[in-house]
Every structure is written in C-alpha cells, then in structure tokens.
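Here is how the chains run, residue by residue.
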Amino acid sequence: MKSEENISLRPYNTFRMDVHAGYFITCYNMEEIRMAVNANKDKSITVFGGGSNILLTKNIEGVVIKNEIRGINQIREEGHQVFVEAGAGENWHRFVLYCLDHNLGGVENLALIPGSVGASPMQNIGAYGVELSEVFHELLAYDTKEAKFKTFNREECLFGYRESIFKTKHKGRFIICKVVFRLTRKPIFNISYGAIRQELNAAEVKEVNIRSIAEAVIRIRRAKLPDPELIGNAGSFFKNPTVSASQFALLKEKFPLIVGFPNESGDVKLAAGWMIESCGWKGFRRGDAGCHAQQALVLVNYGNATGKEIFDLSEEILTSVKEKFGVELEREVNVL
Ligand code: EPU
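Residues numbered from 1 in each chain as written. Predicted model: local features only at pLDDT ≥ 70, side-chain atom pairs only at ≥ 80, totals over all residues. Heavy atoms only, no water.

## Remarks on the site of the ligand
Taken together, 23 residues are adjacent to the ligand, and Y128, Y161, Y193, N240 and E277 come closest. The contact in question runs from an oxygen atom of the ligand to an N or O atom on the backbone of Y128, over 2.6 Å. Residue K282 places a side-chain N or O atom 3.1 Å away from an oxygen atom belonging to the ligand. A total of 820 Å² of accessible area belongs to the ligand in isolation, and the protein chains cover 83% of it. (Near = heavy atom within 4 Å. Polar contact = N/O pair within 3.5 Å; in protein donor to acceptor, adjacent residues only side chain to side chain. Areas by Shrake-Rupley, 256 points an atom, 1.4 Å probe, with all protein chains shown as cover.)

## Re the nonpolar core
The biggest cluster of nonpolar side chains holds 45 residues, and the ones touching the most others in it are W92, F95, V107, L139, F181 and L183. When contributions to this core are tallied by element, the ones reaching two or more residues are β7 (81–87), α2 (92–101), β10 (136–143), β12 (174–184), α4 (194–202) and α5 (210–224). The dominant element in this core, judged by the number of residues it contributes, is α5, at 7 residues. If near-sequence neighbours (up to four positions away) are discounted, L139 is found in contact with P121, K150, T151, F152, C157, F166, I176, K178 and V179. Within the second largest apolar cluster, 42 residues are counted, among which are F237, W281, A289 and A296. (Core = buried A, V, L, I, M, F, W, Y, C linked by side-chain atoms within 4.5 Å. Buried < 20%, exposed > 50% of the residue type's maximum accessible area, 1.4 Å probe, protein only. Helix = DSSP H or I, 4+ residues; strand = E, 2+ residues; numbered from the N terminus. Contact = heavy atoms within 4.5 Å.)

Next up, the structure:
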C-alpha cells in the first residue's frame, strides 16, 4: 500500500483534469483495499480505476483509493469454455491482448477501450456489437458498508446498456477487486457491425479470427476516436438515447437522415453523435474544450480545459439537442 498527500490527479484521469486529492492511497491487493477502507471509515472514499470514464470538476475531498490489483489467471476449463480471472487494476486492453495471445475468444471486439478491468462491469463497456455482459461470469467486490467481500454473478449485476447495479442502486458502495470472464476456444465471430465488415474487406483479410477482428477494431478506433495519451477525453460523453418506434417515425418525418437502430423490444436507439453533429457541434472548440472533429459523441480537452468548461459545453450540447429533436441526452461519463 502506498499513501500520498495532496497530489494532482492529472495523471490518473484520461480527461487530464488537474484537480487535487487530499489523500491518495494505492492498493495492490484485496487485503490492502479492506485496510484502506476500514482506516478511513469517517471520510468519503472515491475509487479510481483507469480514470477513463470520469470528468473531475473539483478537488476531491476525503480519500482517493487507486485500485492496482493485478494478475490474469486461467482458473477453470469446461469444454471449450475457459474461465479467466483478472485483477481490477489490470489495464483493459492488456487483458484483451492476453486473451488474443492465449487464443481465447469473446473480447476481441472490445480491443483498445481505455480503462481498467474493474471499471468494465461498472458501466458494462461495449463496442462494435459486443457488450461486456456477454463474457462476464462473476466478480468479487469489497462492500464498504458491511465491511466484507461479496461475489456478484451476472444476474446480480443487473447489466443494461452502459449500466449496472454499481452505477445505480449500489453507486459508491462496492469496490470491485477481481473479475472472472467466461471466454471460449470456439468463438462465434461478431462482425455484423458495419464498420468491422468494411474494415476487414478493405484490409483484404483472408482469415477472420479473433486477432484479425481485434486489429480491425483497433484501426477503426484509431481513425475515429482521439487517443487519450494525446488528447484528453473519456470516450463517448453521452449515451445513445432510446425512443419508442412511434417517436422515431415522427422524428424521421422531420429529419429524414436521422440515424436509429431498432432493438428487440421494438424501441429505437438513436445515434446521439448524429444529432450532436446536426446541431453544428462537431469540431467545435472554445478555449481548450471541444467536441471531437471525427466523432461528435466525444468531448475533448486539448490541454488546459477545466472540468467546468467541459461540463458547461456538455450542458449547451444537451440543450441544443433537446431544442432541435425534443430528445434528452444522458451523460455516460461520471461527473465528480
Ligand atoms: N455519427 C454521426 N456523427 C458523429 C458520430 C456518429 O453521424 O459525429 C453516426 C455514424 O455515422 C453512425 C452512428 O452515428 O451512423 C453510430 O456511430 P458509431 O458507430 O461511431 O458509434 P456511436 O453510437 O457513436 C457507440 C459507443 C462507442 C463505441 C461505438 C462502436 C455509446 C455511447 N458509444 O458510439 O463507445 O465505440 O458505438 O460500437 O454507446 C464509449 O462508450 O466510450 C465508446 C466510445
């Protein structure tokens, strides 16, 4: 365990916000998580994983716990299924690379998503037609209220689109320590997402396998999404909102080019990026706060924007989308 006082959180959040934490404790195993929580019961505790889905608008009072629990291990095999346990502090993409190297299918479409393994179930990360919930088996978390460890299976996590029980009912209560994934040696390739198919064709890929899919995903992400190492950002800032089929029909009459994807329930998921772009925000920049030029759903910090400047920009975007389309956008990013 490592404890530091009054440090800048800039290296620990991908938006690169330069706010401070009074106390910053790095924990390397589950016992240290338990000790750090119990020693700071009287203070508010904020847990950091990869810091890739937060917008910090002010200094963090209380204690920040940085989860650095590492390790990736194959724990069990059942037929072609392989159960792999990973520490919450592992980098997500490093975990995907481990799976590719060991020929384990299931997470190839989720390559290059910034953040940590522990944050992945928190918001049920998803990309290119696959969501984490599809490969999730169970997780082990520390209950800061009851002071004990608890296992959550898939049903108990109440996964939804960029949603889980850890963002809703249990927000702030559990610290995810380890996640077990159910991967497979006989993957069913998911290349239905248009951009992947196009990318595989363009690269004249002869053999579709988990590695060629991951490589296609990496090329698409590099072309469209800003690299947080170069430009501060937290991926999609907003969720894609869902409307009823009848509301979509009305929108389509008024805006024939609007992009929507019907889901099984008959509702339609609208492409928020399209609506934001059509309100004129794509490529907008004020000071160092901006709306990314290749993907309007992503807000960016070109250098020294403050959390408040990014937040204010997101408010303006929300308002203009609401005025033009009558649709309320919801932030995907956690604002602190
Ligand atoms: N679009 C525009 N303009 C834009 C952006 C998008 O017109 O500026 C249109 C596209 O042309 C396309 C549609 O919107 O028709 C969907 O775009 P895209 O495939 O880029 O995906 P997205 O819905 O904007 C979601 C996820 C991303 C994920 C991609 C690919 C959310 C909030 N975002 O974005 O996830 O990588 O699909 O699966 O669901 C993230 O969560 O941080 C993230 C990057």
